[in-house]
Amino acid sequence: MIYKKFQNLELSALGLGAMRLPTIDGQEGCIDEAATREMVDYAMKNGINYYDTAYGYHNGQSEIVMGKILKDYPRESFYLASKFPGYDPANIPKGQEIFEEQLKKCQVDYFDFYLFHNVNGVNIDPYLDDESNGLYSYLMEQKKNGRIRHLGFSVHGDYDITKRFLEAYGEDIEFCQIQLNWIDYDYQEAKRKIELLGEYNIPVWVMEPLRGGKLATLQDVYADKLKAMRPEETVPGWAFRFLQTIPTVCVTLSGMSNFEQLKQNIATFRTEEPLSEAEWNGLMEVKSEMFNEKTLPCTSCRYCTSYCPQGLDIPALISVYNDQALTSGDLVVPAWLLGPIPEEKWPAACVGCRSCEKVCPQEIKISEMMTAFAAAIQK
């Protein structure tokens, strides 16, 4: 196992994420405890010392199961991370209540790593309003008391959201968890976020290295191009080698849902084999080909918005649509990805007048996209 130095700690470069644990009959809230225990035991024996859970994972059961399993190991043999569930702004005034509940669920006296969860356009203002809800002050108090050893945040919001959070709390933030993979490096501004975090000397924790499993397999035409450059490397291996090429990445979290995935990922992280310049460029070429095939060629010229009777921010909606369409088979869009866009401005508000299409230089069939997008949104 590769280890990365974080302050005075040695953290396994691969962390076990507990968001996609094996389940019974596919029921999200019914974790297969026996299978999970087998995975944790193998992970421990093969060098993984970082375990990541959260309040809402598996309908609240992830913390409970991970706490029960990790209780069998010496507390100093692992690092446990959990997160405050501010993805629901209604939770933010309940800092003490929820934090105490999490410690009990995980059966620990402290968290090695604790995060403000999923900073985005919906919750950034409540997260920063410490005067009203006291969450930041409370968590800082827990850090002072040793019940939080290291405080960080995870962010799905854009660059500007990330910057606002850092401008407010950056001097006390020790690490940041971002969605990072070879698709999102440019596409979700991950590169810019990494550079911003570098200005604060904040190391990067990676979530969604395989984009929810979508980068674990590729169409043959793309997989063959990667294989030609590294014959022995697996498709998931390419995603992890990409991350090994970025110097500020410390921990890569993988939500492994079965024993075989765990074994394969551990095998990859036994060695550090960053991409060469030629391999990096080759991977970016594959990404460009995937973009051209699966996404809409919007250039954000905004001609369309001037003609939309509903006042929809069409380029912003296309950006979210492209993001999900890129690696999804059946298009599914979680509603929170729409961030601060008011619900009355979501795709369902499109009346199909096609006024936007008449002025689109790229000749995008916007009305058809809106119909598909509206049907794909899961609230």
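Residues numbered from 1 in each chain as written. Predicted model: local features only at pLDDT ≥ 70, side-chain atom pairs only at ≥ 80, totals over all residues. Heavy atoms only, no water.

Examining the overall build of the protein
Scanning the protein for helices and strands turns up 16 helices and 12 strands. The C-alpha atoms of the protein give 21 Å as radius of gyration, which agrees with the globular expectation for 379 residues (21 Å, within 12%). Counting only C-alpha atoms, the protein reaches 65 × 55 × 45 Å along its principal axes. The buried share of the protein, taken over its 379 residues, is 53%. (Helix = DSSP H or I, 4+ residues; strand = E, 2+ residues; numbered from the N terminus. Rg over C-alpha atoms; globule rule 2.2 N^0.38 Å. Buried < 20%, exposed > 50% of the residue type's maximum accessible area, 1.4 Å probe, protein only.)

Focus on the packing of helix 3 (residues 95-106) against helix 6 (residues 135-144)
At their nearest, the axes of helix 3 and helix 6 sit 9 Å apart, and the two run at 40 degrees to each other. When the axis of helix 3 is compared with that of helix 6, the two are oblique. On helix 6, the residues touching Gly95, Gln96, Phe99 and Glu100 of helix 3 are Leu135, Tyr138, Leu139 and Gln142. When its residues are assigned to classes, the contact of helix 3 with helix 6 shows 4 nonpolar, 3 polar and 1 charged. (Axes fitted to C-alpha atoms, helices over the stretch in contact; angles between N-to-C directions. Parallel < 35°, antiparallel > 145°, perpendicular 65-115°, else oblique. Contact = heavy atoms within 4.5 Å. Nonpolar A, V, L, I, M, F, W, Y, C, P; charged D, E, K, R; others polar.)

A closer look at the sheet that holds strand 5 (residues 79-84)
Spatially, the 8 strands close up into a barrel ordered 3-4-5-6-7-8-9-10, and their pairing is parallel. This sheet shows a mean twist of 30 degrees between the axes of neighbouring strands, independent of strand direction. On the sheet, helix 7 (residues 159-169) packs against strand 6 (111-119) and strand 7 (148-155) and is oriented at approximately 150 degrees with respect to strand 7. (Pairing = 2+ DSSP bridges.)

Comments concerning the packing of aromatic side chains
Here the structure, examined in full by the defined rule, presents 26 aromatic pairs. Here phenylalanine 113 and tryptophan 205 contribute two aromatic rings whose centre-to-centre distance is 5.8 Å and whose plane-to-plane angle is 45 degrees, an arrangement assigned as tilted. Of this pair, phenylalanine 113 sits in strand 6 while tryptophan 205 sits in strand 9 (residues 204-207), and the two are 92 residues apart along the sequence. Grouping residues by exposure puts phenylalanine 113 and tryptophan 205 together as buried. (Phe/Tyr/Trp six-rings, centres within 6.5 Å; stacked < 30°, edge-to-face > 60°.)

A short note on the pairing of strand 2 (residues 9-12)
Examined bridge by bridge, strand 1 (residues 3-6) and strand 2 share 4 bridges and lie antiparallel to one another. Its bridge partner being in strand 2, lysine 5 is matched across the sheet by glutamate 10. Linking strand 1 to strand 2, which pair antiparallel, is a turn of 2 residues; within it glutamine 7 sits at a positive phi near 50 degrees.

As for the pattern of salt bridges
Counted according to the given criterion, the structure contains 25 salt bridges. Between aspartate 184 and arginine 211 there is a salt bridge; the shortest N-O distance is 2.9 Å. Remark: arginine 211 occurs in the loop between strand 9 and helix 10 (220-229) and aspartate 184 occurs in helix 8 (residues 184-187); sequence separation between them is 27 residues. Ionic pairing is found between glutamate 260 and lysine 263, a salt bridge with its closest N-O pair at 3.7 Å. (Salt bridge = Lys/Arg side-chain N within 4 Å of Asp/Glu carboxyl O.)

Considering the pairing of strand 10 (residues 249-254)
Within strand 10, 6 of the 6 residues are buried, leaving the element largely enclosed by the surrounding structure. By the bridge criterion, 3 bridges tie strand 3 (residues 14-17) to strand 10 in an arrangement that is parallel. For leucine 16, the partnering residue across the bridge sits in strand 10 and is serine 254. With 3 bridges connecting them, strand 9 and strand 10 associate as parallel partners. Each residue of the ladder has a partner; that of valine 204, found in strand 10, is valine 249.

Quick word on the state of the cysteines
In total, this model carries 0 disulfides according to the counting rule given. Of all cysteine sulfurs, the one in cysteine 106 lies closest to cysteine 30, which takes part in no disulfide; the gap is 19 Å. Judged by relative accessible area, cysteine 30 falls into the partly exposed class, the value being 29%. We note that cysteine 301 lacks a disulfide partner, and the nearest cysteine sulfur, in cysteine 304, lies 6.1 Å from it. Given a relative accessible area of 34%, cysteine 301 falls into the partly exposed group. (Disulfide = S-S within 2.5 Å.)

Here's the deal with the side chain of glutamine 179
Within the element layout of this structure, glutamine 179 appears in strand 8 (residues 175-179). When its relative accessible area of 13% is taken as the criterion, glutamine 179 is described as buried. Within the local environment of glutamine 179, its side chain forms a polar contact with the side chain of aspartate 184, the two groups lying 2.7 Å apart. (Polar contact = N/O pair within 3.5 Å; in protein donor to acceptor, adjacent residues only side chain to side chain.)

Things to note about the nonpolar core
Ranked by size, the top nonpolar core spans 86 residues in total, and within it Tyr51, Phe116, Leu180, Trp182 and Phe242 carry the most contacts. Contact partners of phenylalanine 116, with chain neighbours within four places excluded, come to Phe84, Tyr127, Leu135, Tyr136, Leu139, Leu151, Gly152, Phe153, Ser154, Phe165 and Ile173. Formed by 24 residues, the second largest nonpolar core is a distinct cluster that contains Cys308, Val333, Met370 and Ala376. (Core = buried A, V, L, I, M, F, W, Y, C linked by side-chain atoms within 4.5 Å.)

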